[in-house]
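What follows is each chain in one-letter form.
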Amino acid sequence: MGASRQAGAGTLAAYGLLGLPLAALGLPLVVYLPPFYAEMPALSTGLVGGLLLAARLVDVVSDPLIGWLSDRTGSRHGRRRPWIALGTPVLMAAAWFLFVPGGDAGAGAAYLLGWSVAAYLGWTLIYLPYTTLGAELSADYDRRSRITAVREGFFVLGTMVAIMLPAAVQRGTGEAADGLAAIAVFLLVSLPVAALWLLWRVPEPRHPPRRGGDWRRGLALLAGNGPFRRLLAAYLFNGAANGLPAALFLFFVIHVLGGDRVAGGIFLAIYFLSAVAGLPLWLRLGRDWAKHRLWCASMIWAALVFAFAPFLGEGDYLAYGLICVLAGTCLGIDQAIPASIQADVVDEDTAAGGEGRAGLYFGLWGMATKLAFALAVGVAYPVLEVAGFEAGADNDPAALWTLALLYGGLPVVVKLGVVALMWRFPLDRARHAELQRRIGRN
C-alpha cells in the first residue's frame with residue numbers, strides 16, 4: 001500500500017522535518033518582507049505589492065510545469081527526490097540575497113523582483129515534489145491525514161522559529177534588517193540538513209516515470225474530474241482568505257492596535273503555539289468525520305472568531321490575543337486536511353486511467369494557492385495606497401478602516417464561501433474505498 005504504512009516514527013519525522021526550514025522561509029515572504037521593502041527609499045507600498053504579484057505570477061507558471069516534469073523523471077533515486085536535491089541550493093542562495101539586501105540605500109525594484117522570482121522557483125523545486133511524495137507514501141484514507149499532520153506540525157514549528165528568531169534579534173539590535181538576516185542564516189543551516197535526512201531516510205515508492213501518452217485523453221480526464229475542479233476552486237479562495245491577513249498582519253498590529261514589530265512577533269507566537277496545541281485536538285474531534293466536513297468545521301470556527309478583528313482599535317491587545325488563540329487552534333487542520341484530500345482526488349484520476357500524474361495535480365493546486373497569495377498582496381497593497389495608507393506614517397481613519405476590513409472582514413466572507421463550496425464534497429470515506437477497489441489496492 002505504500003512505504004509509509006510500514007514506516008516507523010523515525011521515517012515520518014525525517015519526512016516532516018523538511019517542513020521546518022521551508023516554513024521559516026514561507027511566513028517572512030508574506031508577513032515581514034513586504035513592509036520591510038515598502039519602507040526603502042526606492043520603493044513604495046503599491047510598487048512592492050505589484051512586484052511581488054509579478055514574481056508570484058511567474059511562479060504560478062512553474063508549478064504545473066515542475067509537477068509535469070517530476071511525473072516523467074526517471075532516476076534510480078525516484079521521481080521526486082532529485083528535484084528536492086536540485087531546489088535546495090537554489091533556495092539557499094535566493095533566500096540570502098532576498099533577506100540580506102545590503103547597501104545603505106536598500107534595494108530597488110529590479111533587485112526585489114529578481115530575487116523574489118529566484119526564491120519562489122527554489123521553493124517550488126523543493127515543495128512541490130515534497131508534498132507529492134507525501135501523498136504517494138500511503139493509499140490509506142486516514143493514514144494520509146496523519147502524514148500531512150506530521151508535515152504541517154513541523155511547518156508550524158518552523159513558522160514559530162521565523163517569528164521568534166527575528167523578534168529576539170531585533171529586540172537586541174533595534175534593526176528589522178538584523179532579524180531578517182537571522183532567518184536567512186537559520187535557513188542556510190537547517191535546509192540542507194533536513195533535505196539530506198529526507199533523501200537518506202525516506203524511501204520513495206516505486207513508480208515508473210510517465211512517458212508520452214495521449215495528451216488529449218489526459219486533458220479530458222483532468223477536466224472530467226469533478227472533485228478536482230471543486231477542490232481547486234476551494235484552494236484558490238481559501239488561499240486568498242489566508243493570504244490577506246498574512247500580508248497585512250504587521251500593518252494591522254502597528255497602525256490599528258498601536259503596537260510594534262516585537263508585539264507582532266509575540267502575537268504570531270501565540271497564534272502558532274495555539275496551532276500546535278490545536279492540531280491534535282481537531283484530529284481527535286474529527287477522527288470519524290469525512291475530511292471535507294472537518295475542514296469546513298475549522299473554517300467556520302475561524303470565521304466566527306476572526307469576524308471580531310475589524311472592530312478592534314488602539315490598545316486592544318488582550319482581545320486580539322484571544323482572537324489569536326482561538327483562531328490559531330484551527331490553523332494546522334486548515335493546512336493538513338486539504339493536503340490529505342488532494343491525495344484522494346488524485347485517486348479519482350488514477351481510477352479513470354490517469355496513473356502516475358500526482359505531480360501534475362499537485363502542481364495545479366500549488367498554482368492556485370500561489371495565485372491566491374499573489375492576488376492577496378497585489379490587490380490589498382494597491383487598495384491601501386488608493387485609500388491613502390502609508391507604511392511608517394500616521395494614517396487617517398478612512399485608511400485604517402480600509403486596512404481593518406481587508407485584514408479581518410473580507411477573509412471571513414471568503415472562507416464562508418469556501419465552506420458552502422466544500423460542504424457537499426462528493427469524495428468521502430465510502431467513495432475513497434470504492435476508488436481503492438477499482439484501482440486494485442484493496
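Residues numbered from 1 in each chain as written. Predicted model: local features only at pLDDT ≥ 70, side-chain atom pairs only at ≥ 80, totals over all residues. Heavy atoms only, no water.

J.: Explain the overall build of the protein chain here, please?
T.: For the protein chain, the helix and strand inventory stands at 18 helices and 0 strands. In terms of C-alpha radius of gyration, the protein chain reaches 21 Å, essentially the compact-globule figure of 22 Å for 442 residues. The principal-axis extent of the C-alpha atoms belonging to the protein chain is close to 65 × 40 × 40 Å. Out of the 442 residues belonging to the protein chain, those deemed buried represent 55%. The contacts in the protein chain between residues at least 6 apart in sequence include a share of 84% that link residues at least 24 apart. (Helix = DSSP H or I, 4+ residues; strand = E, 2+ residues; numbered from the N terminus. Rg over C-alpha atoms; globule rule 2.2 N^0.38 Å. Buried < 20%, exposed > 50% of the residue type's maximum accessible area, 1.4 Å probe, protein only. Contact = heavy atoms within 4.5 Å.)

J.: What's the story with the side chain of Arg151 in this structure? I'm lost.
T.: By secondary structure assignment, the location of Arg151 is in helix 8 (residues 141-173). Not counting chain neighbours up to four residues away, the residues in contact with Arg151 comprise Tyr15, Gly16, Tyr130, Thr131, Gly134 and Ala339.

J.: Just checking my understanding: could you explain a nonpolar patch on the surface for this structure?
T.: A contiguous nonpolar patch, built from Trp96, Phe97, Val185, Leu188 and Val189 and spanning about 410 Å² of accessible area, is present on the exposed surface. Breaking the nonpolar patch down by element, the ones donating at least two residues are helix 6 (81-99) and helix 9 (176-201). The greatest single-element share of the nonpolar patch, amounting to 3 residues, is contributed by helix 9. Tracing the backbone shows Leu188 in helix 9. Looking at Leu188, the relative accessible area reads 30%, which means it is partly exposed. (Patch = residues over 30% accessible without salt bridge, like charges linked within 9 Å, V, L, I, M, F, W, Y side chains within 5 Å. Areas by Shrake-Rupley, 256 points an atom, 1.4 Å probe, with all protein chains shown as cover. Salt bridge = Lys/Arg side-chain N within 4 Å of Asp/Glu carboxyl O.)

J.: Mind showing me how you'd approach the packing of aromatic side chains here?
T.: Going through the model one piece at a time under the given rule, you end up with 14 aromatic pairs. With a centroid separation of 4.7 Å and an interplanar angle of 35 degrees, the aromatic rings of Tyr15 and Tyr130 are classed as tilted. Of the two residues, Tyr15 is situated in helix 2 (residues 9-17) and Tyr130 in helix 7 (residues 109-136); the sequence distance between them amounts to 115 residues. A relative accessible area of 0% places Tyr130 in the buried class. (Phe/Tyr/Trp six-rings, centres within 6.5 Å; stacked < 30°, edge-to-face > 60°.)

J.: What is the right way to look at the state of the cysteines in this model?
T.: Structurally, a disulfide amounts to a covalent bond that connects the sulfur atoms of two cysteines. Here the structure, examined in full by the defined rule, presents 0 disulfides. Looking at the unpaired Cys296, the closest cysteine sulfur is the one in Cys330, lying at 12 Å. For Cys296, a relative accessible area of 0% corresponds to the buried category. For the unlinked cysteine Cys330, the closest cysteine sulfur is that of Cys324, found at 12 Å. By relative accessible area, Cys330 is classed as buried at 4%. (Disulfide = S-S within 2.5 Å.)

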